[in-house]
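One-letter residues, chain by chain:
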Amino acid sequence: AGQGGEMNTVLSRANSLFAFSLSVMAALTFGCFITTAFKERSVPVRIAVSRVMLKNVEDFTGPRERSDLGFVTFDVTADLQTIFDWNVKQLFLYLSAEYSTKNNALNQVVLWDKIILRGDSPKLLLKDMKSKYFFFDDGIGLKGNRNVTLTLSWNVVPNAGILPLVTGSGHVSVPFPDTYETAKSY
Amino acid sequence: MIVSSALMIWKGLIVITGSESPIVVVLSGSMEPAFHRGDLLFLTNFQEDPIRTGEIVVFKVEGRDIPIVHRVIKIHEKENGNIKFLTKGDNNEVDDRGLYKEGQNWLEKKDVVGRARGFLPYVGMVTIIMNDYPKFKYALLAVMGAYVLLKRES
């Protein structure tokens, strides 16, 4: 009976310790989340486009139709320092082009992305960047399109909590040429 | 009593979030460093929520059971709301066209199980361990059963 009593004490102490640690961790996690849940996460962004070119080729990334393929060279400046806090693990940045065509009322294409972890340099100073991903339209809607808007956005990934998508304030509108470039290179 | 309350909470979550799986465990490393195997994601699936680039969606490929959690990188939406979109894992070099069905180039709203809105690290590891090591699952059940029995006795 004595041995049974000891075992029970050890087990019940282990159980209480486990339950207590779990509660503390849960409280800290919730604290992390609630202290940053309503924070403003947008900052001003400066985007400039230095070169635009348009081709029309078969979309080799998937749909095998002749589609408009855009090439954009851009600069991006932003200071993301104020977004980072104890509950931000990383920012997933993405530069997207948004425009309207006859074929589709809304098109959005991510041209470039970057991951910034907490601890990495939060100041963005990019010049003469080429797009990372192919800018294919679903059709021929880039030709002569006067209103292709580039914006920089980021997905805030917390240690625990909400995953908001935030767009930086500041965008640039890019008019695309009326003619296709026939030269081989960009 | 515990089982029925757990079931009620689960069913309630399904209704509130509009998603058939309001909580999913991350199974692969294709979204690292944001999400790792074992992390937990909280989803919503409101039909009025438009699908936009940058969003993290959980989708199922037609004919396959396993949900995939990746980011939307391209959308083309018609005036009537019909949308086709492309996804890619942050940690993958290429987009998901290799994961879709043969000949499928785009995903549609019907493929979406939910949108990732919230995140909790590590907590889902338990379900992965129980899946990969069934002996652990039985051992855990045995320990829990033993604990209930022992408690009653004293």
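Residues numbered from 1 in each chain as written. Chains lettered and ligands numbered in written order. Predicted model: local features only at pLDDT ≥ 70, side-chain atom pairs only at ≥ 80, totals over all residues. Heavy atoms only, no water.

The name given to chain B in an unreviewed UniProt entry is Signal peptidase complex catalytic subunit SEC11, and the organism recorded there is Chelydra serpentina. The record held by UniProt for chain B lists under Catalytic activity (unreviewed entry) the comment "Cleavage of hydrophobic, N-terminal signal or leader sequences from secreted and periplasmic proteins." The UniProt entry for chain B carries the following comment under Subcellular location (unreviewed entry): "Endoplasmic reticulum membrane". (UniProt positions renumbered as here; feature names shortened; annotations may be inferred.)

For chain A, an unreviewed UniProt entry supplies the name Signal peptidase complex subunit 3 and the organism Chelydra serpentina. For chain A, the Sequence similarities (unreviewed entry) comment in UniProt is given as "Belongs to the SPCS3 family." Quoted verbatim from the Subcellular location (unreviewed entry) field of UniProt, the annotation for chain A is "Endoplasmic reticulum membrane".

A.B. asks: Before we go on, may I ask you to explain the interface of chain A and chain B in this structure?
C.D. replies: Interfaces are frequently sized by the accessible area removed from exposure as the parts join. Taken together, the contact between chain A and chain B spans 35 residues of the former and 34 residues of the latter. Approximately 2700 Å² of surface area, both sides summed, lies buried where chain A meets chain B, with 54% of it carried by carbon and sulfur atoms. Contact with chain B buries area across many residues of chain A, yet A:L106, A:Q108 and A:L163 alone supply 21% of it, more than any other trio. For the pair chain A and chain B, the number of links is one salt bridge. One can count 17 residue pairs in polar contact (both at pLDDT 80 or more) joining chain A with chain B. Listing elements by their share of the side of chain A that touches chain B, those giving two or more residues are α1 (2–36), β3 (88–99), β4 (106–117), β7 (148–158) and β8 (161–162) of chain A. When residues in the side of chain A that touches chain B are grouped by element, the largest group, seven residues, is from β4(A). By residue class, the composition of the side of chain A that touches chain B is 19 nonpolar, 13 polar and three charged. (Contact = heavy atoms within 4.5 Å. Buried area = accessible area lost by both parts, 1.4 Å probe. Salt bridge = Lys/Arg side-chain N within 4 Å of Asp/Glu carboxyl O. Polar contact = N/O pair within 3.5 Å; in protein donor to acceptor, adjacent residues only side chain to side chain. Helix = DSSP H or I, 4+ residues; strand = E, 2+ residues; numbered from the N terminus. Nonpolar A, V, L, I, M, F, W, Y, C, P; charged D, E, K, R; others polar.)

A.B. asks: Before we go on, may I ask you to explain the packing of aromatic side chains in this structure?
C.D. replies: Ring pairs (aromatic) are described by centroid distance and by the angle formed between their planes. For the structure on display, the rule yields 10 aromatic pairs over all chains. Here B:F59 and B:Y100 contribute two aromatic rings whose centre-to-centre distance is 6.2 Å and whose plane-to-plane angle is 80 degrees, an arrangement assigned as edge-to-face. Of this pair, B:F59 sits in strand β3 (residues 56–60) while B:Y100 sits in the loop between β5 (83–88) and β6 (112–120); the two residues are 41 residues apart in sequence, bridging distant segments of the chain. Note on accessibility: B:F59 and B:Y100 belong to one class, buried. Joined through ring pairs, the aromatic side chains of A:F60, A:F134 and A:F136 make up one cluster. The ring of A:F92 carries B:R71 above its face, with NZ or CZ at 3.8 Å from the centroid. In this structure, B:R97 is placed above the aromatic ring of B:W106, and the distance from its NZ or CZ to the ring centre is 4.6 Å. (Phe/Tyr/Trp six-rings, centres within 6.5 Å; stacked < 30°, edge-to-face > 60°. Buried < 20%, exposed > 50% of the residue type's maximum accessible area, 1.4 Å probe, protein only. Lys NZ or Arg CZ within 6 Å of the ring centre and 35° of its normal.)

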